[in-house]
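# What the coordinates show
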Amino acid sequence: MRLRLTPLLALPLLLTLGTTQAEPTASPGPASKRPGFLVSELVTMPHPMRLIRQDPQRFGVSSEQMERLRSEIMEVYPAQLHQRVQAAWSLERSIRHAVLEEGKDSAAVADQIDELVRLKREATDIRIEALNRFRALLEPEQYQAVMAASAEPSGSR
């Protein structure tokens, strides 16, 4: 049985607070000055590798741990995630265009919304898997320190 989300059910899924920034290959629109594009995440979660790459000593990450983080997380998950974020961005752009420029209603973009929700769910699953792998590779104290730093305003993205 396929669950068909109605536009009213899908809307809360689309109106999330977090964003994922993909590689700077496109911009949100012609008036944008941003060097990348943003896709709202289904569930906002920290991005701990950014903090660790900036200052591994701050969290006591050894060179062996850093190598494992690179090989078991950075070489595996970003490619999977990036593919879905790019596809989601393209769908978001297409949906915005259809609604704002072409005047289409929610029924006309329902299949695109379903696909967008599927992509965001897959991206969320990948992020959860990566965070759990991240937790397994660090000592509990290191993990807690990185999560605390990720919660700081400048550390979450």
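Residues numbered from 1 in each chain as written. Predicted model: local features only at pLDDT ≥ 70, side-chain atom pairs only at ≥ 80, totals over all residues. Heavy atoms only, no water.

Scanning the protein for helices and strands turns up 6 helices and 2 strands. Walking the protein from its N terminus toward its C terminus, one meets helices and strands in the order α-β-β-α-α-α-α-α. The buried share of the protein, reckoned over its 157 residues, is 38%. Taking contacts inside the protein between residues at least 6 apart in sequence as the whole, the part at least 24 apart equals 69%. Of the roughly 9600 Å² of accessible surface on the protein, a fraction of 56% belongs to carbon and sulfur atoms. (Helix = DSSP H or I, 4+ residues; strand = E, 2+ residues; numbered from the N terminus. Buried < 20%, exposed > 50% of the residue type's maximum accessible area, 1.4 Å probe, protein only. Contact = heavy atoms within 4.5 Å. Areas by Shrake-Rupley, 256 points an atom, 1.4 Å probe, with all protein chains shown as cover.)

This paragraph deals with the pattern of salt bridges. Under the defined criterion, the tally for this structure stands at 11 salt bridges. A salt bridge links R96 to E92; the nearest nitrogen and oxygen atoms lie 4.0 Å apart. Taken together, the positions of R96 and E92, both in helix α4 (residues 77–101) and 4 residues apart, correspond to about one turn of that helix. Judged by relative accessible area, E92 falls into the buried class, the value being 11%. Salt bridges sharing common partners tie together R84, E115, R118 and E122. (Salt bridge = Lys/Arg side-chain N within 4 Å of Asp/Glu carboxyl O.)

Another aspect to go through is the packing of aromatic side chains. Under the defined criterion, the tally for this structure stands at 1 aromatic pair. Relative to Y143, the ring of F134 has its centre 6.1 Å away and its plane inclined at 55 degrees; by these criteria the two rings are tilted. Taken individually, F134 and Y143 each receive the classification buried, so the pair is uniform in this respect. (Phe/Tyr/Trp six-rings, centres within 6.5 Å; stacked < 30°, edge-to-face > 60°.)

This brings us to the packing of helix α5 (residues 110–137) against helix α6 (residues 140–151). Running from amino to carboxyl end, α5 crosses α6 at an angle of 135 degrees, the nearest separation of the two axes being 8 Å. Taken together, α5 and α6 sit at an angle that is classed as oblique. Between α5 and α6, the contacting residues are L131, F134 and R135 on the first element and Y143, V146 and M147 on the second. Residues of the contact of α5 with α6, tallied by class, amount to 5 nonpolar, no polar and 1 charged. (Axes fitted to C-alpha atoms, helices over the stretch in contact; angles between N-to-C directions. Parallel < 35°, antiparallel > 145°, perpendicular 65-115°, else oblique. Nonpolar A, V, L, I, M, F, W, Y, C, P; charged D, E, K, R; others polar.)

For the rest of this paragraph, the subject is the environment of L119. Note that L119 resides in helix α5. Since its relative accessible area comes to 7%, L119 is described here as buried. Taking C-alpha positions, L119 is 6.2 Å from A88, a pair spaced 31 residues apart along the chain. What L119 contacts, discounting residues up to four positions off in sequence, is R84, A87, A88 and L91.

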